Amino acid sequence: MSVLVVACLFIAASVWQIAAAVFYERPARAAPRTAEEIASETACTARLRTLEAALDRGAEQAERATVTQPKPDESRARAAFDAALAPEWNDSASAEQLCAATPRSRDAWAALLRLRRGLEGIARKDAHEIGPLRRDFETRLP
């Protein structure tokens, strides 16, 4: 009997909390962004787009290095990836500083760094996996 009473009280409390959240409490509104924040985010976005384009170029170069080389390896793919990032990534510290003004910009910068690490990992993985397959193919050629 006591378990039933506790269960009923729990259900009633849960219904009250849900109703209060839906009908009575208004969500907090975000503070309006200033013109300075908007300008800073626009500049950050433009800079991050150029860095992203360099990452795409680096991924293509790393793939080309693993496919066209007779003996692809991770170091060659990584070197091709890093070389293709220049000149955009040579001054990545200024991009980081530019994107440090707002939380959204900092999140975008962090996401770009995660993308870079992911593309570097794919280049190493492809070289690691494609290398033995290419050597196997080369040894089986008549």
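Presented here is an overview of the structure given in this document. (Residues numbered from 1 in each chain as written. Predicted model: local features only at pLDDT ≥ 70, side-chain atom pairs only at ≥ 80, totals over all residues. Heavy atoms only, no water.)

## Some points on the overall build of the protein chain
Helix and strand counts for the protein chain come out as five helices and zero strands. Mapped from its N terminus to its C terminus, the protein chain presents α and β elements in the order α-α-α-α-α. Within the protein chain, the fraction of its 142 residues that count as buried is 22%. Contacts in the protein chain between residues far apart in sequence, at least 24 positions, make up 76% of those at least 6 positions apart. Entry remark: accessible area of the protein chain is about 10200 Å², with carbon and sulfur atoms responsible for 61%. (Helix = DSSP H or I, 4+ residues; strand = E, 2+ residues; numbered from the N terminus. Buried < 20%, exposed > 50% of the residue type's maximum accessible area, 1.4 Å probe, protein only. Contact = heavy atoms within 4.5 Å. Areas by Shrake-Rupley, 256 points an atom, 1.4 Å probe, with all protein chains shown as cover.)

## Here we look at helix H3 (residues 74–84)
Note: α-helices contain 3.6 residues per turn, so residues at a spacing of three or four share the same orientation. Every buried residue of H3 is accounted for by Ala-77, Ala-80, Phe-81 and Ala-84. Projected down its long axis, H3 carries its buried residues within an arc of 100 degrees, all on one side. (Arc of directions from axis to C-beta.)

## Points about the pattern of salt bridges
Going through the model one piece at a time under the given rule, you end up with seven salt bridges. With a shortest N-O distance of 2.7 Å, Arg-57 and Glu-88 are connected by a salt bridge. Placement of the pair is Arg-57 in helix H2 (residues 35–68) and Glu-88 in the loop between H3 and helix H4 (92–98), with a sequence separation of 31 residues. The partly exposed category is assigned to Glu-88, whose relative accessible area is 24%. Members of the salt-bridge network, linked through shared partners, are Arg-78, Asp-82, Arg-116, Arg-117 and Glu-120. (Salt bridge = Lys/Arg side-chain N within 4 Å of Asp/Glu carboxyl O.)

## Digging into helix H1 (residues 2–24)
Its 23 residues give H1 an end-to-end C-alpha distance of 32 Å, which sits within 8% of 33 Å, the value for a rise of 1.5 Å per residue. Counting buried positions over the 23 residues of H1 gives one, only a small fraction of the element. (Expected span 1.5 Å × (residues − 1).)

## Observations regarding the state of the cysteines
Enumeration according to the criterion identifies one disulfide in this entry. Here Cys-44 connects covalently by a disulfide to Cys-99, the sulfurs 2.0 Å from one another. Here Cys-44 and Cys-99 share a disulfide; its torsion about the S-S bond, 110 degrees, makes the bridge right-handed. With Cys-44 in helix H2 and Cys-99 in the loop between H4 and helix H5 (103–140), this residue pair connects regions lying 55 residues apart in the sequence. Among the residues examined, Cys-44 registers a relative accessible area of 2% and is labelled buried. (Disulfide = S-S within 2.5 Å.)

## What to know about the packing of aromatic side chains
Within this structure, the stated rule accounts for one aromatic pair. It is Arg-116 that lies over the ring of Trp-89; its NZ or CZ is 4.6 Å from the centre. (Phe/Tyr/Trp six-rings, centres within 6.5 Å; stacked < 30°, edge-to-face > 60°. Lys NZ or Arg CZ within 6 Å of the ring centre and 35° of its normal.)

## Focus on unusual backbone geometry
The peptide bond linking Ala-86 to Pro-87 adopts the cis configuration, its omega dihedral lying at 5 degrees. As for its position among the elements, Pro-87 is in the loop between H3 and H4.

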